[in-house]
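Chain by chain, the residues run as shown.
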Amino acid sequence: MWMQDQDYLYNGDLLDDASFYKSLVGGSIGSGITLSVGNYQTLAAYSDSEWAGFPDTRKSTSGYCIFSGKSLISWSSKKQPTISRSSTEAKYKSLAITSAKLLWISYLLKELGVVLSGHVILYCNNISVNSLAITLFSMIEKRT
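Given the structure is predicted, the values throughout are model-derived calculations rather than measurements.

Engineer: For this particular structure, what's the right way to read the overall build of the protein?
Structural biologist: When its secondary structure is counted, the protein shows three helices and four strands. Along the chain direction, N to C, the helices and strands of the protein fall in the order α-β-β-β-α-β-α. For the protein, the proportion of its 144 residues judged to be buried stands at 22%. Long-range contacts, defined here as pairs at least 24 residues apart, represent 54% of the contacts in the protein between residues at least 6 apart. For the protein, the exposed area adds up to about 10700 Å²; of that, 60% sits on carbon and sulfur atoms.

Engineer: Honestly, the packing of aromatic side chains in this entry has me stumped. Any pointers?
Structural biologist: Each aromatic ring pair is specified by the distance between its two centres and by the angle formed by the two planes. Taken as a whole, this structure holds two aromatic pairs when the rule is applied. Consider the rings of Tyr-46 and Phe-67, whose centres lie 5.8 Å apart with planes at 85°: the pair is edge-to-face. Here Tyr-46, found in strand E1 (residues 43–50), pairs with Phe-67, found in strand E2 (residues 61–68); they are 21 residues apart in sequence, far enough to count as distant. Take Tyr-46: its relative accessible area is 41%, and that puts it in the partly exposed class.

Engineer: Could you clarify how one ought to interpret unusual backbone geometry in this entry?
Structural biologist: What is expected of a backbone is that most residues other than glycine have negative phi and most peptide bonds are trans. Although it is not a glycine, Ala-52 adopts a positive phi angle of roughly 50°. Even without being a glycine, Arg-58 presents a positive backbone phi close to 65°. Within the element layout of this structure, Arg-58 appears in the loop between E1 and E2.

Engineer: What's the story with the pattern of salt bridges in this structure? I'm lost.
Structural biologist: Pairing is possible between side chains of opposite charge, provided their charged atoms come close. For the coordinates displayed, the defined rule picks out two salt bridges. Between Asp-48 and Lys-91 there is a salt bridge whose closest N-O contact spans 2.5 Å. Taken together, the residues span a long stretch of sequence, with Asp-48 in strand E1 and Lys-91 in helix H2 (residues 87–111) at a distance of 43 residues. Under the relative-accessibility criterion, Asp-48 is labelled partly exposed at 35%. A salt bridge links Glu-89 to Lys-93; the shortest N-O distance between them is 3.5 Å.

Engineer: Would you explain the nonpolar core in this entry?
Structural biologist: In this structure, Leu-43, Ala-45, Tyr-64, Ile-66, Leu-102, Ile-105 and Leu-109 together form the largest nonpolar core, which totals seven residues. Not counting residues up to four positions away in its chain, the partners in contact with Ile-105 are Leu-43, Ile-66, Ile-73 and Ser-74.

Engineer: Would you mind going over the environment of Asn-39 with me for this structure?
Structural biologist: Examined against the element boundaries, Asn-39 turns out to sit in the loop between helix H1 (18–26) and E1. The partly exposed category is assigned to Asn-39, whose relative accessible area is 41%. For Asn-39 and Gly-69, which are 30 residues apart along the polypeptide, the C-alpha to C-alpha distance reads 5.2 Å. Ignoring any residue separated from it by four or fewer positions in sequence, one finds Asn-39 in contact with Ser-68, Gly-69 and Lys-70.

Engineer: Help me understand the sheet that holds strand E3 (residues 71–79) in this model?
Structural biologist: Two pairing modes exist for strands in a sheet, parallel and antiparallel, and in both the strands are linked by backbone hydrogen bonds. With mixed pairing, the four strands of this open sheet are ordered in space as E3-E2-E1-E4. A strand with exactly one partner marks an edge of an open sheet, and here the two such strands are E3 and strand E4 (121–124). Going from strand to strand, the sheet's axes swing by 15° on average, the running direction of each strand aside. Where E1 and E2 come together, eight bridges link them in antiparallel fashion. Its bridge partner lying in E2, Leu-43 is registered against Ser-68. Packed onto the sheet, H2 meets E1, E2, E3 and E4 and runs at close to 155° relative to E1.

Reading the values: rules and limits
- Residues numbered from 1 in each chain as written.
- Predicted model: local features only at pLDDT ≥ 70, side-chain atom pairs only at ≥ 80, totals over all residues.
- Heavy atoms only, no water.
- Helix = DSSP H or I, 4+ residues; strand = E, 2+ residues; numbered from the N terminus.
- Buried < 20%, exposed > 50% of the residue type's maximum accessible area, 1.4 Å probe, protein only.
- Contact = heavy atoms within 4.5 Å.
- Areas by Shrake-Rupley, 256 points an atom, 1.4 Å probe, with all protein chains shown as cover.
- Phe/Tyr/Trp six-rings, centres within 6.5 Å; stacked < 30°, edge-to-face > 60°.
- Salt bridge = Lys/Arg side-chain N within 4 Å of Asp/Glu carboxyl O.
- Core = buried A, V, L, I, M, F, W, Y, C linked by side-chain atoms within 4.5 Å.
- Pairing = 2+ DSSP bridges.
- Axes fitted to C-alpha atoms, helices over the stretch in contact; angles between N-to-C directions.

And the structure:
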C-alpha cells in the first residue's frame, strides 16, 4: 500500500535521495522476527513442498520454517533447481534442504554456547516420505 504513493517502482538501482529509501523501508518497520521468552534449547522444523508448481518448467517449490523454542528463527521458500518425478521426490528434496539448514543452525548455536536439549525434530506431512526416510535411516544404521 505504501508503494502506491510512489510515481514509479523501485528497480534496484542506488538511490540519490535518502528520503525515498526511508519511504521504502519505513513500511516494513516492526515486521521482523520477534523472539518470545522461553526455552531456546529445542529446535523444530516444518518442511513442505509443492510438486511441479511451475507449469512452464514443471519445477517444484520447497519451503521450511525453523523454530527455536516457540520463536521462528529461519524460513525459506524457493524453487527447486531440478525437476522431480513425483511428489515424494519433491518432498524428500525439501527434507534434505531443511535438514542441511537445521544442521547448520545447530552448529551455530553450539558455537554460541547454546546447548540443545534432546533431538532436533523435523516434521513432514507425507507418509511416503516418512517411510522412505525410515528405510534409508535403517540402511545407514546397518552399514555402521
